[in-house]
Structures are given as structure tokens and as C-alpha cells.
Amino acid sequence: MIQFVPIASIPPAEIEHLLDLAFGSDRRGRTAYKLREGTDPIAALSLAAVEEGVLVGLVLCWPVQLAEADGRLTPLILVGPVAVRPERQRDGIGRELMLRMLEAADAAASDPMTLIGDASYYERFFGFSAQHTQGWALPGPVERHRLLARLRPGQVLPERGALGPRPDVGLDAAVGS
Ligand SMILES: CC(C)(COP(=O)(O)OP(=O)(O)OC[C@H]1O[C@@H](n2cnc3c(N)ncnc32)[C@H](O)[C@@H]1OP(=O)(O)O)[C@@H](O)C(=O)NCCC(=O)NCCS
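About the thresholds
- Residues numbered from 1 in each chain as written.
- Predicted model: local features only at pLDDT ≥ 70, side-chain atom pairs only at ≥ 80, totals over all residues.
- Helix = DSSP H or I, 4+ residues; strand = E, 2+ residues; numbered from the N terminus.
- Rg over C-alpha atoms; globule rule 2.2 N^0.38 Å.
- Buried ≥ 20, exposed ≤ 12 C-beta atoms within 10 Å, placed from the backbone.
- Contact = placed C-beta atoms within 7 Å.
- Expected span 1.5 Å × (residues − 1).
- Near = placed C-beta within 6 Å.
- Nonpolar A, V, L, I, M, F, W, Y, C, P; charged D, E, K, R; others polar.

Participant: I keep staring at the overall build of the chain and nothing clicks. Help me out?
Facilitator: A count of helical and extended segments in the chain gives five helices and eight strands. If you list the helices and strands of the chain from N to C, you get β-α-α-β-β-β-α-β-α-β-β-β-α. Here the C-alpha radius of gyration of the chain, 15 Å, is about what a compact globule of 177 residues would show, namely 16 Å. Considering only C-alpha atoms, the chain reaches an extent of 50 × 35 × 30 Å along its principal axes. The buried share among the 177 residues of the chain stands at 33%. At a minimum sequence separation of 6, the contacts of the chain that also span at least 24 residues come to 73%.

Participant: Can you help me understand helix α1 (residues 12-23) in this one?
Facilitator: For an α-helix, the turn length of 3.6 residues means that residues three or four places apart are oriented alike. For α1, spanning 12 residues, the distance from its first C-alpha to its last is 16 Å, which sits close to the expected 16 Å at 1.5 Å a residue. Positioned one or two residues after α1, Gly-24 has a phi angle of 90°, which is positive.

Participant: Where do I start with the site of the ligand in this structure?
Facilitator: For the ligand, the set of nearby residues contains 18 residues, the closest of which are Gln-89, Gly-94, Arg-95, Asp-118 and Tyr-121. If you tally residues by element for the shell around the ligand, the top one is strand β4 (residues 73-84), at five residues. In terms of residue class, the shell around the ligand is built from eight nonpolar, six polar and four charged.

Take a look at the structure:
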């Protein structure tokens, strides 16, 4: 039986171990890490899946923003990493983590979301799309078709801007701002 709990209840070393298993230990140089530098996970949207006391999956969310040339800032939520322990992959844990996170975000009328990941997973199951992101600048290399966003009805995003960390944000302020 799998329990879904706040990530804050998991020791950091266990989180790091799972991320090493899912992504390899060279993951830290990735552009996604630069996007969230200096921020903390959004507590209400960062979840762990625990099975018989073992961390088997997680999703983390972070406050980021898109800065336009005229200085306007649009708050967004960066989703990821999403990771499932290799021997437990393809058994619905990733989907359940994402759906629980999205349900909490939608209930809180959260900011739009962005992530770097496979459209064949995140578009197919969760409604993310590369359509809105093609004019965005990032602090490192990214494959354009893997830069995705998800808007709730009525939300719009600037076509151009620089995506980066949104520091100094109260953790849960990021959910509903
Ligand atoms: C990607 C990941 C989070 C998915 O979680 P999961 O629990 O293994 O997947 P689920 O059981 O929820 O979903 C399974 C479905 O998604 C598909 N799927 C899984 N990973 C996929 C991927 N990377 N690309 C496309 N489809 C994928 C499966 O084919 C399956 O589809 P089906 O139901 O039609 O057979 C997990 O496999 C993982 O941690 N992978 C390594 C790390 C990673 O790449 N993370 C994502 C980038 S942030």
C-alpha cells in the first residue's frame, strides 16, 4: 500500500538517493536546477510516495517567474523533478503523484505551471504543452520541445521573457498568488 505524504516528512538524504537512482548523480548541472536556484520547494505541491517505509516516488514544485523586457514579472510554478524508483516505474505512481499535485494546485487556483520533460508523458496525461514556451529564454540549454507549460482556463502567458527563480516567496504564497 502506497501512502502519499508531504515531502517535508522525508529525510533529505532519502530524496537525494531516489533522485540519483532515477536521474543519475550528474543531474545537478541541468538547466532545471538553475531555474530554481535559491528557492525552496512549495510545500503544498511537493509530495512523496512511500511504500512500506521506502520512498518510491516524488514530485517537487518550485516558485519561478518569467521576466519580460519591460520589467513585468509573471509568476509560475516549476514542476520537477518527478521521479519514481526504477523497480517501481510504469505502475501508475508517477501519474498518481502528478494528479494529486495538480488537484491541489487547481483547488488553490495556482499560478501557471512549467516543466522540462517528455511531452509524450506530460502532454498526454496532464495537459502540458510546448505551445506557449517557444519564445522563452532559459539560464542554460534546453530542448525546445521539452519545455512545456500548463495553463488553467483563463490564464495567459507572455510569449517572450526570461525564465528564472522567484526568490523571497513565502512557500505557500506561490500556490495562490
Ligand atoms: C517518468 C516517470 C516519472 C513516470 O512515472 P511512472 O510511475 O514510471 O509512470 P506511470 O506508471 O505513472 O505512467 C505510465 C505510463 O506513462 C508512460 N511513460 C512513462 N514514462 C514515460 C516517458 N518518459 N515518456 C513517455 N511516456 C512515458 C508509460 O508508457 C505508461 O503508458 P501506458 O499506461 O500507456 O503504458 C518515471 O518513469 C521516472 O522516474 N523516470 C525517470 C526519471 C524521469 O525521466 N523523470 C521525468 C522527467 S522530470
